[in-house]
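Remarks on the overall topology
Single-letter residue listing:
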Amino acid sequence: MKSIWTYRLNNSKNWGTLDNLMRNIVLIVLDTVRKDIYDDRAQRLQSLPGTDFERAYAPSSWSIPSHASILTGQLPHRHGVHSYNPDYSDLKHTFFEDLDHQTLGISANGAVSEAFGFHTHFDEFVSFAGGDERSPDAMSFKHIGGTDGPARYLEYLKKATDRGQFTESFLNGLYVKANDLLDGRPLPNIGDGGAAAVADKSREMTADIEEPFVLFTNFIDAHSPLVNLRVLDSDVPYGWTSNRLDIDEARAADREDIEGFLENYRKLYTSNIEYLDRVVTDLIEDIQAQTARETIAIIIADHGEELRYPGERDLGHTDFTNAVLHVPLTVVGTDIPDQTLSGPVSLLDIETLATELARGEDLPDIIREHVPAERIGMLFYGGDNEYWRRGVRTVYEDEVRHEWDTQETQNRIEVSVSEDGERTPTDPPEWGLSLFEKDLDEYVASAKAAGNGPDIDTQTEEQLADLGYKV
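Residues numbered from 1 in each chain as written. Predicted model: local features only at pLDDT ≥ 70, side-chain atom pairs only at ≥ 80, totals over all residues. Heavy atoms only, no water.

**A closer look at the overall build of the protein chain**
Counting secondary structure elements, the protein chain contains 16 helices and 16 strands. Rg of the C-alpha trace for the protein chain: 22 Å, near the compact-globule value of 23 Å for 471 residues, within the 12% margin. Buried positions account for 58% of the 471 residues belonging to the protein chain. Accessible surface for the protein chain amounts to roughly 19000 Å². Of this, 47% is attributable to carbon and sulfur atoms. (Helix = DSSP H or I, 4+ residues; strand = E, 2+ residues; numbered from the N terminus. Rg over C-alpha atoms; globule rule 2.2 N^0.38 Å. Buried < 20%, exposed > 50% of the residue type's maximum accessible area, 1.4 Å probe, protein only. Areas by Shrake-Rupley, 256 points an atom, 1.4 Å probe, with all protein chains shown as cover.)

Listed below in structure tokens is the structure:
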């Protein structure tokens, strides 16, 4: 099929300048959404016209290195942003720089925010603590010092007034205080995990833009801590919270001993994905309707989640398994083939996918023979078990992945959908080792020795602690 680019060049009298060839790109990150649950619960998104990739894999297992890889097309050991240097401003190049597009971003995730330099790659970027705060238009509580109690709110409102943000900030303060009072009570909290605010701000940021744009969004709703909300379709009792059980306790407990807790956790996790399916589908359709330029949506997750199903050790994403690495990738647009592709792909190729589609080209072939992923330690893990902090790499080949780590463990693992199957101790193949430019042990040792990163404000630190990251 002739590309839109070629067609429009040959019919320039109808299309005007090359600027008309460019598409808008909306890159939607459904934080923490694993592929098998997405397939089961995100039916509206998958019914939109476009291509679904059955076997897409994240380049890393948690937010900061994975987002950096998505923007650069490089593994963490190459771009250098990971647990020992969680600073996006150190990225030398992103695919945004290859496009003549306005770059817009909004995030509800503290790990994808100004606190870690993520904003430095955008023309316009806003973030807020999704689930804790009401709106990115309010002044964030991260701008307030170490005061507590009524003095904290008075200082907050004074600074908001000075910034000309009093009304939104006043409502934000009421929102925060009301949910503090409702916490643990048999009543639903107000609002959601930030999805509605992210969607509303996305509509606002993209309205009336004539030049082509790339919009980045991060939706944090599926991430713990999880509570039942009025917007969710769930029978979990109001007032129940996943914070009832510390994540380390959940890891250490026998599955049978916490089955009731796990059942509620899984129900809320899947209900949030159903909610995101509604919100994000409406958002895509609204942006496509309100923009004259053709708009392509790329839906992904930065990583998945373990739910303590059989074979899963973690409740979260501190482990490094197929449940954490197997993620959604759906490309939506009227010019995108309506198909499902089963070959393995890497989110490292979002760079190629987004740039070629933005330039008006056809959907590129991003199927790979082998897919690599890695984690350079897990510094934000706060415990003493080195297993959870280890450096680890994997390469996918057909229905198998090979894994090796800094604890000298090496396995050949059979995989299916979002599950790891039988493990067989086996040396990693030479072709797998060749996909990485530096030896794992040597790189982790050098990264630890040079460890640095940005200063983190108190509110972001508190949100990251809620999300399970010990900063």
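Still more ground to cover, so stick around.
**Quick word on the pairing of strand E13 (residues 392-397)**
Successive residues of a regular strand alternate their side chains across the two faces of the sheet. Counted residue by residue, E13 has 5 buried out of 6 residues, so it is predominantly covered. Two elements, E13 and strand E14 (residues 400-405), share 6 bridges in a ladder whose sense is antiparallel. Bridging from a neighbouring strand, valine 392 pairs with aspartate 405 of E14. Connecting E13 to the antiparallel partner E14 that follows it, the hairpin turn spans 2 residues, and aspartate 398 within it adopts a positive phi of roughly 55 degrees. (Pairing = 2+ DSSP bridges.)

**Looking at the packing of helix H9 (residues 195-206) against helix H11 (residues 259-290)**
The description of two helices packed together rests on the angle between their axes and the distance between the axes. Taken N-terminus to C-terminus, the directions of H9 and H11 make an angle of 5 degrees; their axes are 10 Å apart at the nearest point. With respect to their mutual orientation, H9 and H11 come out roughly parallel. Mapping the contact onto sequence places Ala195, Ala196, Ala199, Ser202, Arg203 and Thr206 in H9 and Tyr275, Leu276, Val279, Asp282, Leu283, Asp286, Ile287 and Gln290 in H11. Its residues placed into classes, the contact of H9 with H11 shows 8 nonpolar, 3 polar and 3 charged. (Axes fitted to C-alpha atoms, helices over the stretch in contact; angles between N-to-C directions. Parallel < 35°, antiparallel > 145°, perpendicular 65-115°, else oblique. Contact = heavy atoms within 4.5 Å. Nonpolar A, V, L, I, M, F, W, Y, C, P; charged D, E, K, R; others polar.)

**Describing the packing of helix H7 (residues 150-162) against helix H8 (residues 166-182)**
As a packed pair, H7 and H8 sit with axes 8 Å apart at the nearest point and diverge in direction by 160 degrees. Judged by the inter-axis angle, H7 sits roughly antiparallel to H8. Like other packed secondary-structure pairs, H7 and H8 cross with a definite hand, here right-handed. Across the interface between the two elements, Tyr153, Tyr156, Leu157, Ala160 and Thr161 of H7 pack against Phe166, Ser169, Phe170, Asn172, Gly173, Val176, Lys177 and Asp180 of H8. The class makeup of the residues in the contact of H7 with H8 is 7 nonpolar, 4 polar and 2 charged. (Left-handed = near helix turned anticlockwise from the far one by under 90°.)

**Quick notes on the sheet that holds E13**
Taking strand neighbours across the sheet as the criterion, the 5 strands line up as E12-E13-E14-E15-E16 in an open arrangement whose pairing is antiparallel. The open sheet terminates on both sides in strands that have one partner only, identified here as strand E12 (370-375) and strand E16 (419-425). Between one strand axis and the next, the sheet turns by 25 degrees as a mean value, whatever way the strands run. With 5 bridges joining them, strand E15 (residues 410-416) and E16 adopt antiparallel strand pairing. Counterpart to asparagine 411 in the pairing with E16 is proline 425.

**Examining unusual backbone geometry**
The residue after serine 224, namely proline 225, is reached through a cis peptide bond having omega 5 degrees. With respect to the helices, strands and loops of the structure, proline 225 is situated in the loop between strand E5 (213-219) and helix H10 (247-252). A positive phi angle is found at arginine 308, which is not glycine, with a value near 55 degrees. With respect to the helices and strands, the residue arginine 308 is situated in the loop between strand E7 (306-307) and strand E8 (315-316). Positive phi is not limited to glycine here, since glutamate 408 has a value of about 65 degrees. One can find glutamate 408 in the loop between E14 and E15. Overall, glutamate 408 belongs to the exposed group, its relative accessible area being 74%.

**Things to note about the nonpolar core**
One finds Phe219, Ile298, Leu329, Val331 and Ile350 to be the most contacted residues of the largest nonpolar core, which totals 99 residues. It is H11 that provides the largest number of residues to this core, a total of 13 residues. Every residue in contact with leucine 329, bar those within four places of it in the chain, is listed here: Thr51, Asp52, Phe53, Ala56, Ile298, Ile299, Ile300, Val345, Leu347, Ile350, Leu353 and Ile366. Ranked by size, the runner-up nonpolar core spans 11 residues in total, among them Tyr84, Val395, Leu440 and Tyr443. (Core = buried A, V, L, I, M, F, W, Y, C linked by side-chain atoms within 4.5 Å.)

**Focus: the pattern of salt bridges**
Taken as a whole and assessed by the stated rule, the structure comprises 32 salt bridges. Note that arginine 41 is salt-bridged to glutamate 274, the shortest N-O span being 2.7 Å. Of this pair, arginine 41 sits in helix H3 (residues 35-41) while glutamate 274 sits in helix H11, placing them 233 residues apart in sequence. Exposure remark for arginine 41: the relative accessible area of 28% places this residue in the partly exposed category. Connected through shared salt-bridge partners, Asp319, Arg390, Arg401, Glu403, Asp405, Asp420 and Arg423 make up one network. (Salt bridge = Lys/Arg side-chain N within 4 Å of Asp/Glu carboxyl O.)

By themselves, these figures tell us nothing about what the structure is for.
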